[in-house]
Amino acid sequence: MPQPDPTFGALEAIGSPKEVADGETITLVTDFTNQLVSGVTVSSATVKTYEETDRDADVSSTISSAAASAASPSVTQVLTAFTRGRVYRVEILATLSNSDKRLTFTRIRCRL
């Protein structure tokens, strides 16, 4: 089955959007199983976080508490310091063992 080309847009992850409380810390686990062909694994990943309620401002340095961890078929990212009433888009770009890339995102809403 052909895989989606990440240059044509990201796919919203299952379970998105998620809701969090002000200041809550969460561990976001993104499973790429359905985007992998036989014998291909997730080699590495980068995660960027944007605040959609602030013109897509890149808030990765304040929201992500550490580098993303790739353990095929999943990517794990710890996120913290959410602000009440804001909506965030967490983009996960996985680099695969065959050098292909897969992009997905999860929206996170911080409750009022």
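Here the structure is a predicted model, which is why all the values come from computation and not from measurement.

A. Representation of the overall build of the protein chain within the structure. Broken down by element type, the protein chain carries one helix and nine strands. From first element to last, N terminus to C terminus, the protein chain shows the α and β order β-β-β-β-β-α-β-β-β-β. For a compact globule of 112 residues, the expected C-alpha radius of gyration is about 13 Å, and the protein chain comes in at 14 Å, within 12% of that figure. Seen along its three principal axes, the alpha-carbon backbone of the protein chain occupies a region of about 45 × 25 × 20 Å.

B. Highlighting unusual backbone geometry. A cis amide bond links serine 72 with the next residue in sequence, proline 73, at an omega value of 10°. Within the secondary structure, proline 73 is located in the loop between β6 (69-71) and β7 (74-79). Not every positive phi belongs to a glycine, and alanine 81 is a case in point at roughly 65°. Counting through the fold element by element, alanine 81 comes out in the loop between β7 and β8 (87-96). Given a relative accessible area of 37%, alanine 81 falls into the partly exposed group.

C. Representation of the side chain of serine 74 in the model. Secondary-structure assignment places serine 74 in strand β7. Assessed through its relative accessible area of 18%, serine 74 is described here as buried. For serine 74, the residues in contact, after removing those within four places along its chain, are Val29, Thr30, Asp31 and Ser69.

Parameters and conventions
- Residues numbered from 1 in each chain as written.
- Predicted model: local features only at pLDDT ≥ 70, side-chain atom pairs only at ≥ 80, totals over all residues.
- Heavy atoms only, no water.
- Helix = DSSP H or I, 4+ residues; strand = E, 2+ residues; numbered from the N terminus.
- Rg over C-alpha atoms; globule rule 2.2 N^0.38 Å.
- Buried < 20%, exposed > 50% of the residue type's maximum accessible area, 1.4 Å probe, protein only.
- Contact = heavy atoms within 4.5 Å.

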